[in-house]
Amino acid sequence: MTKNQNVIWSVPTDWVRATTHDGSGASYGGGQYFGSTYVRDGGKLYVARIRWSGSDPEHRPRVKEVKLKNSFQTVKLTDAPTETPDGKTIERWRKVRGFDKSADLNGDNYLSWSEYKNRSNKQATARFRWESRVIPFGRMWNQNSSWALTNLANPNYLALMSDYYASTWSEQGLNGAYNDDTNKLLGPNQFHVYSGGRVAELDVVAGSEAADQLYQTQFAKFLQDLSERQNNSLISVNVGTANLLGRNGQQALTEAASLYLREHYIFPSTGFSGYAGIAKYWDNSVFANDGRSVIFQASTRYGRVQYFGSSKDNWQQDQYSALAIYYLNSHPELSFFNQWNNGYVYGSDNTSADNFWQSGVPKNMAYQPSTLLAADLGQPAQQIPEGYEPIPLMLSTETPSPADYTIVGDTSQTSVVHVDLPDGISHLLPTYTYFLYQSDNTVVTGGPEDMVLAREFTKGKVLYRTDFFGKSSDFYRSEPVTVYLDTPMRVVGADGQIGDYVEEVTIGGYQGLFLLY
């Protein structure tokens, strides 16, 4: 005990983590857990007990005040930016303590008083190494989220996780894993660093493009190695909406998984191009060519439900448009459609007035467009009718200079070539989606202002009318376009009812349409 009554001791090497109950559940809610449900419900702690051997109990030590160190205190910086590059306000800056690994002479990830006083980097003030770990403050879903990243280049970690999954997957009847939000790793969409911020294991600064690219590569390698160790396992990743092969995507992950989830990918007003769009959805065809599967998730964001109200008709029309967009890009046996509402709160409970036109319906039944799925379109016909042209395949590229709408091929091709692609080439399964109608005015080369896209099936065809960028409430009110049919066909209504044969159809803004022979 020091003069100022601090107690200093060396952490015993044989300490193990302890729980505050026996696991039976009998003590839950009782006993001294000091108001902390974390302690009561099984938070694992290190516990120290101090015995007093003096004869006078009045002179024994008493706990008067417990102080916890603020590991990530806020700091005031006069010259720091007040906004992120994407325009979001930075409310506060926090200081993360660095750990001087060179001072840890015995390698126990803890600096004793002697090690701490003799450290070479006096700015590194973390005593424990874990104090230097950091999460993306303010960017997690809630206070219970933990997005601290792991050193995936450590082979011991891979072996440990592989052994763990081999055991737990078998116990749970599973054979695979799902990884959420893989586009949020170590890049600028997660971290903004004022100074320092260098990650010891990577030797790069958190929040930099270099850190993001390096960690993406390590993450992909980790998943590939894991799938090899766990034979026949399914590894799934939730990737962003951008084409993974372009400069906004995660090119490192294109061979890392067997199943890709494109969350909130299809909107009822999905545009032709932009950051994402139908002309850029062809990376899914690359996955299909390689035998990898994709879940296209649709939502009602930017749809009739959002712009004009949650009525039955608006819900049916939004589901119709979303399913039509899916059919323009899907591949049998490898593509899957998932319809959801306008938010990210999932579950199999019943609908409410906030997420469906009718309350009290099981979501898995309400959102699935069963009547439309019952319309038998057959299989993709793998051809484009004579006189029509395939839509282009666009890519956001870096070479020779950054460009958002570089045309690398069209939907009739089995491969595309560009220097920015892995090995300069990508092979894909063609969809043969084509322009049934396109306006004379264009936004960019190959990108009309207004268009009707179509795809042939053995028992019918699918149409969808859109504009270049999509998500425009005004385009819903645009004048209908009349399309003349080469042969009479029957129109499938939004309620799944099949009409009589017609020789022409009119199609409004962001409207999907199924036609049967």
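The sections below set out a description of the structure shown in this document. On a predicted model such as this, the values are computed, not experimentally measured, just so you know. (Residues numbered from 1 in each chain as written. Predicted model: local features only at pLDDT ≥ 70, side-chain atom pairs only at ≥ 80, totals over all residues. Heavy atoms only, no water.)

1. Some thoughts on the overall build of the chain
Put simply, the test is: For the purposes of this entry, the term helix denotes a DSSP run of H or I that reaches at least four residues, the term strand denotes a run of E that reaches at least two, and both are numbered from the N terminus. Each residue's exposure class comes from its accessible area (1.4 Å probe, protein chains only) as a fraction of the maximum for that residue type: buried when under 20%, exposed when over 50%, partly exposed otherwise. Only heavy atoms matter for contacts: two residues are in contact if any of them lie within 4.5 Å across the pair. Working definition of accessibility: Shrake-Rupley area with a 1.4 Å probe, residue cover restricted to the visible protein chains. Positive charges come from Lys and Arg alone, negative charges from Asp and Glu alone, with His and the N- and C-terminal ends not counted. The location of each charge is read from NZ of Lys, CZ of Arg, CG of Asp or CD of Glu.
Assigned secondary structure in the chain consists of nine helices and 21 strands. Its C-alpha atoms put the chain at 105 × 55 × 50 Å along the principal axes. The buried share of the chain, reckoned over its 517 residues, is 42%. Taking as baseline every contact in the chain between residues at least 6 positions apart, the subset at least 24 positions apart corresponds to 60%. Within the structure as shown, the chain displays about 28,800 Å² of accessible surface, and the carbon and sulfur contribution to it stands at 49%. The average position of the 44 basic charges and that of the 54 acidic charges among the side chains of the chain differ by 15 Å.

2. Notes on the packing of aromatic side chains
To keep things clear, this is the line we draw: Only the six-membered ring of Trp is used, alongside the rings of Phe and Tyr, when aromatic pairs are assigned; centres must lie within 6.5 Å, and planes under 30 degrees apart are stacked while those over 60 apart are edge-to-face, with the rest tilted. A ring is considered to have a charge above it if a Lys NZ or an Arg CZ atom is located within 6 Å of its centre and within 35 degrees of its normal.
All chains considered together, the criterion is met by 34 aromatic pairs. On the numbers, 5.3 Å between centres and 55 degrees between planes, the contact of Tyr326 with Phe337 is tilted. Taken together, the residues Tyr326 in helix H7 (residues 312-329) and Phe337 in strand S9 (residues 335-339) connect sequence positions eleven residues apart. Where Trp340 meets Tyr346, the ring centres are 5.1 Å apart and the plane angle is 70 degrees; that geometry is what we call edge-to-face. Judged by relative accessible area, which is 37%, Tyr346 ranks as partly exposed. Three or more aromatic residues joined by ring pairs form one cluster here, namely Tyr265, Tyr281, Phe296, Tyr320, Tyr326, Tyr327, Phe337, Phe457 and Phe514. A cation sits over an aromatic face here: Arg94 above Phe137, 5.3 Å from the ring centre. The residue whose ring lies beneath Arg119 is Tyr116, and the NZ or CZ to ring-centre distance is 3.9 Å.

3. Let's talk about the pattern of salt bridges
Selection rule: By definition, a salt bridge exists where a carboxyl oxygen of Asp or Glu is found within 4 Å of a side-chain nitrogen of Lys or Arg.
Counted by the stated rule, this structure contains twelve salt bridges. A salt bridge links Asp225 to Lys221; the nearest nitrogen and oxygen atoms lie 2.7 Å apart. With Asp225 and Lys221 both in helix H4 (residues 209-229) and four residues apart, this pair spans about one turn of that helix. A relative accessible area of 18% means that Asp225 is categorised as buried. For Lys221, a relative accessible area of 45% puts it in the partly exposed group. Among the salt bridges present, the one from Asp376 reaches Lys459, with a minimum N-O distance of 2.6 Å. Of this pair, Asp376 sits in the loop between helix H9 (370-373) and strand S10 (392-397) while Lys459 is found in the loop between strand S17 (450-457) and strand S18 (460-467), placing the two residues 83 residues apart along the sequence. Take Asp376: its relative accessible area is 44%, and that puts it in the partly exposed class.

4. So, the nonpolar core
A general tendency of soluble globular proteins is for nonpolar side chains to be buried together. The condition is simple: Definition used in this section: a nonpolar core is a set of buried Ala, Val, Leu, Ile, Met, Phe, Trp, Tyr and Cys residues joined via side-chain atoms within 4.5 Å.
Counting 77 residues, the largest nonpolar core has Phe272, Leu463 and Phe514 as the members making the most contacts within it. Per-element tally for this core: the top contributor is H7, with eight residues. When residues no more than four places from it in sequence are discounted, the contact partners of Phe514 are Tyr320, Leu323, Ala324, Tyr327, Leu372, Leu377, Lys461, Val462, Arg490, Val491 and Val492. One finds Leu245, Trp282, Val408 and Leu421 within the second-largest nonpolar core, a separate group that totals nine residues.

5. Concerning the side chain of Gln511
Counted only if it meets this: Within 3.5 Å is the distance limit for a polar contact, defined as a pair of N or O atoms, with the added protein rule that one can donate a hydrogen and the other accept it, and that residues adjacent in sequence qualify only through two side-chain atoms.
Structurally, Gln511 is set in the loop between strand S20 (498-507) and strand S21 (512-516). At 2.7 Å, the side chain of Gln511 and the backbone nitrogen of Gly508 are in polar contact. Beyond its immediate stretch of four places on either side in the chain, Gln511 contacts Arg304, Ser321, Leu463, Tyr464, Arg465 and Thr506.

6. Some remarks on the sheet that holds S20
The following threshold applies: Pairing between strands is defined by DSSP: at least two bridges between them are needed. All axes here are fitted lines through C-alpha atoms, helices being fitted over the stretch that makes contact, and every angle between N-to-C directions spans 0 to 180 degrees.
Pairing is antiparallel across the open sheet formed by six strands, whose spatial order is S14-S17-S18-S21-S19-S20. Each edge of the open sheet is held by one strand with a lone partner, namely strand S14 (434-438) and S20. Neighbour to neighbour, the strand axes of the sheet diverge by 25 degrees on average, direction disregarded. Of the strand pairs in this sheet, S14 and S17 are connected by four bridges, and their pairing is antiparallel. Bridge pairing in S17 places Phe435 opposite Leu453. Along the sheet, H7 contacts S17, S18, strand S19 (481-492) and S21; its crossing angle with S21, the most-contacted strand, is approximately 65 degrees.

7. Comments concerning the sheet that holds strand S8 (residues 293-298)
The five strands are arranged S3-S6-S7-S8-S9 in an open sheet whose pairing can be described as parallel. On the outer flanks of this sheet lie strand S3 (176-179) and S9, each paired with one strand and no other. When the angles between neighbouring strand axes are averaged without regard to direction, this sheet yields 20 degrees. Bridging between S8 and S9 involves five bridges; their strand directions are parallel. Considered in S9, the bridge of Ile295 is made with Phe336. On top of the sheet, H4 reaches S3 and strand S6 (234-239); it is set at about 160 degrees to S6, its chief contact.

8. Focus: a nonpolar patch on the surface
Which entries qualify depends on this criterion: Each patch is built from residues that are more than 30% exposed by relative accessible area and take part in no salt bridge. Like charges join if they lie within 9 Å; nonpolar side chains (Val, Leu, Ile, Met, Phe, Trp, Tyr) join within 5 Å.
Among the surface-exposed residues, Met1, Val7, Trp9 and Trp15 lie close enough to one another that they form a single nonpolar patch of about 470 Å² accessible area. Structurally, the position occupied by Val7 is in the segment before helix H1 (37-40). On the basis of relative accessible area, Val7 is assigned to the partly exposed category, the value being 47%.

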